[in-house]
Amino acid sequence: MTMQQRIETALAALQPEHLQVLDESHMHSRGLQTHYKAVLVSEQFAGLNSVKRHQKVYATLGDLMGQFHALALHTYTPQEWATIGAAPASPTCAGGH
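So, here is what we can say about the structure in this document. Just so it is clear, the model here is predicted, and its values are computed rather than measured. (Residues numbered from 1 in each chain as written. Predicted model: local features only at pLDDT ≥ 70, side-chain atom pairs only at ≥ 80, totals over all residues. Heavy atoms only, no water.)

Examining the pattern of salt bridges
Here is step 1: Applying the stated criterion to the full structure yields one salt bridge.
Here is step 2: For R53, the salt bridge goes to E80, with nearest N and O atoms at 2.8 Å. In this pair, R53 is assigned in helix α2 (residues 50-61) and E80 in helix α3 (residues 78-84), connecting sequence segments 27 residues apart.
Here is step 3: According to the relative accessible area criterion, E80 is partly exposed, its value standing at 30%. (Salt bridge = Lys/Arg side-chain N within 4 Å of Asp/Glu carboxyl O. Helix = DSSP H or I, 4+ residues; strand = E, 2+ residues; numbered from the N terminus. Buried < 20%, exposed > 50% of the residue type's maximum accessible area, 1.4 Å probe, protein only.)

Structural data, given as structure tokens:
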């Protein structure tokens, strides 16, 4: 199972209405699975600010968090997602390796 699949499997616990995990490692590192982007739409984010939403995702991922370098999170409630409909593009990596 790839790291991308492991992240998707773990995030399924949040009962997302929409879940997309992208491996963006090719934009940052050569040959390593290190950078990911997750777009997550869940009713469980209702009433939570972005920090609390991210903490909820990190808690859900648990030990997986230590197995990759970066995870760009885009978290929405179903209502927000219906308005926005798409996550912003990821910025180009400024280095770090």
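Having put the structure on the table, let's press on.
Re the sheet that holds strand β3 (residues 70-76)
Strands pair in a sheet through their backbones, by hydrogen bonds, and they do so in one of two ways: parallel or antiparallel.
Here is step 1: The strand order β1-β2-β3 describes an open sheet built from three strands, whose pairing is mixed. Looking along the sheet, the strands with just one partner apiece sit at the ends: β1 (18-23) and β3. When strand polarity is set aside, the average angle formed by the axes of neighbouring strands in this sheet is 10°.
Here is step 2: In the sheet, β1 pairs with strand β2 (residues 35-41) via six bridges, with the strands oriented antiparallel. Bridge assignment links V21 to a residue of β2, and that residue is A38.
Here is step 3: Most of the contacts of helix α1 (residues 3-11) go to β1, to which it runs at about 160°, and overall it touches β1 and β2.
Here is step 4: Along the sheet face, α2 touches β2 and β3 and points at about 125° away from the line of β3. (Pairing = 2+ DSSP bridges. Axes fitted to C-alpha atoms, helices over the stretch in contact; angles between N-to-C directions. Contact = heavy atoms within 4.5 Å.)

A look at the environment of R6
Here is step 1: By the secondary structure assignment, R6 is in helix α1.
Here is step 2: Sequence-wise, R6 and L64 are 58 residues apart; in three dimensions their C-alpha atoms are separated by 8.1 Å.
Here is step 3: With residues up to four places along the chain from it excluded, the contact list for R6 reads M1, L64 and Q67.

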